[in-house]
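An overview of the molecular structure
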Amino acid sequence: MQLRNSSSRYGAVSIFMHWSVALVVFGLFALGLWMVGLDYYSPWRKEAPDLHKSIGLTLFAVMLLRVVWIWFSPAPPALASYSRATRIGAKLGHGFLYLGLFAVMIAGYLISTSEGVGIPVFGLFEVPALISNLPDQADVAGVVHLYLAWAVVIFAGLHGLVALKHHFIDRDATLNRMLGRKA
């Protein structure tokens, strides 16, 4: 399998980033839901949020690399069988997933840095608090983070269902291209 995207399918780098980001997004969502229910005496009360933040910041870096990779290795063109509505829907859907995911991560950063303290990443280095002390920063960012996380996860699930629809009902190459298979 080639590293870069071709005119007929995605390359190994795009495929790896796509599925890795999907796995991490759903994992972070599950971790986030679990950790907000921890009580004061739980041994995970400090460790879970630290892990969530470290993984989230790593995901942010991967998403930045993913955007750069798209410029370096553009996605294959839409299939000729796609209607105009399908092409527009795909562009809007992917745009929402990217923008929504970046917005969720930025909101998470704003929650974590609201008191002017940086965020340690796996104990290796610290991301500084560049924006802090905005009025109700943690509360507003927390609401945005929660609702956008739900929206991104629900939309990502719909994205998966649409890919399955293309594969099993339309019988086109949409899913096979993201799996690295020939049409």
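Conventions adopted
Along each chain, residues carry numbers from 1 onward, in the same order as the chain's sequence is written. pLDDT decides what is reported in this predicted model: residues at 70 or higher carry local features, side-chain atom pairs at 80 or more are listed and counted, and totals for whole chains, interfaces and linings draw on all residues regardless. Only hydrogens and water are set aside when side-chain values are computed; all heavy atoms of the structure are taken into account. Residues enter a nonpolar core if they are buried and are Ala, Val, Leu, Ile, Met, Phe, Trp, Tyr or Cys, with the set joined through side-chain atoms within 4.5 Å. The buried label goes to any residue with under 20% of its type's maximum accessible area, the exposed label to any with over 50%, and the partly exposed label to all in between, with areas taken from a 1.4 Å probe on protein chains only. In DSSP terms, a helix is any run of H or I states spanning at least four residues, a strand is any run of E spanning at least two, and both are numbered starting from the N terminus. The contact rule is simple, with two residues in contact once any of their heavy atoms fall within 4.5 Å. Note on definitions: angles span 0 to 180 degrees between N-to-C directions of axes, and those axes are lines fitted to C-alpha atoms, for helices only across the stretch in contact. Oblique is the label for any angle not covered by the other classes, which are roughly parallel (under 35 degrees), roughly antiparallel (over 145) and roughly perpendicular (65 to 115). In this scheme the crossing of two helices becomes right-handed for a clockwise turn of the near helix relative to the far one and left-handed for an anticlockwise turn of less than a right angle. By the convention adopted, Pro, Cys, Tyr, Trp, Phe, Met, Ile, Leu, Val and Ala count as nonpolar, Lys, Arg, Asp and Glu as charged, and the other residues, Gly among them, as polar. What counts as a ring pair is set by centres within 6.5 Å for rings of Phe, Tyr and Trp (its six-membered ring), and what kind of pair is set by the plane angle: stacked under 30 degrees, edge-to-face over 60, tilted for all other angles. Throughout this description, the term charge over a ring refers to an Arg CZ or Lys NZ atom that lies within 6 Å of the ring centre and within 35 degrees of the ring normal. UniProt positions are given in the numbering used here, feature names are shortened, and annotations may be inferred rather than shown by experiment. Between Lys or Arg on one side and Asp or Glu on the other, a salt bridge is scored when a side-chain nitrogen of the former is within 4 Å of a carboxyl oxygen of the latter.

1. Concerning the nonpolar core
V21, V25, L59, M63, L101 and M105 are the most contacted members of the largest nonpolar core, which has 14 residues in total. By residue number, the principal contributor to this core is helix α3 (residues 84-112), which donates five residues. Setting aside residues up to four positions removed in sequence, M105 forms contacts with G56, L59, F60 and M63. With six residues, the next largest nonpolar core counts Y109, L110, V121 and A141 among its residues.

2. Quick look at the packing of α3 against helix α4 (residues 137-170)
Two elements in contact, α3 and α4, have axes whose closest approach is 8 Å; the angle formed by their N-to-C orientations is 150°. Compared by their axis directions, α3 and α4 come out roughly antiparallel. Handedness of the α3/α4 crossing: left-handed. Here the residues of the contact of α3 with α4 are counted per class, giving 17 nonpolar, ten polar and no charged.

3. Thoughts on the packing of aromatic side chains
Per the stated rule, a full pass over the model turns up six aromatic pairs. On the numbers, 5.8 Å between centres and 70° between planes, the contact of W34 with W44 is edge-to-face. Here W34 is found in helix α1 (residues 12-35), whereas its partner W44 is found in helix α2 (residues 44-72), with ten residues between them in sequence. The exposure class of W34 is partly exposed, given its relative accessible area of 41%. Between the NZ or CZ atom of R4 and the centre of the ring of F72, over which it lies, the distance is 4.3 Å.

4. Looking at the UniProt feature "domain: Cytochrome b561 bacterial/Ni-hydrogenase" (unreviewed entry) in the protein
On the UniProt side, "domain: Cytochrome b561 bacterial/Ni-hydrogenase" (unreviewed entry) is annotated at positions that read residues 9-180 here. Within residues 9-180, the helical portion is 70% and the strand portion 3%, while the C-alpha atoms at the span's ends are 6 Å from each other.

5. A look at the pattern of salt bridges
In the structure shown here, the tally under the stated rule is two salt bridges. Between D170 and K165 there is a salt bridge, and its shortest N-O distance comes to 2.6 Å. Looking at K165, the relative accessible area reads 38%, which means it is partly exposed.

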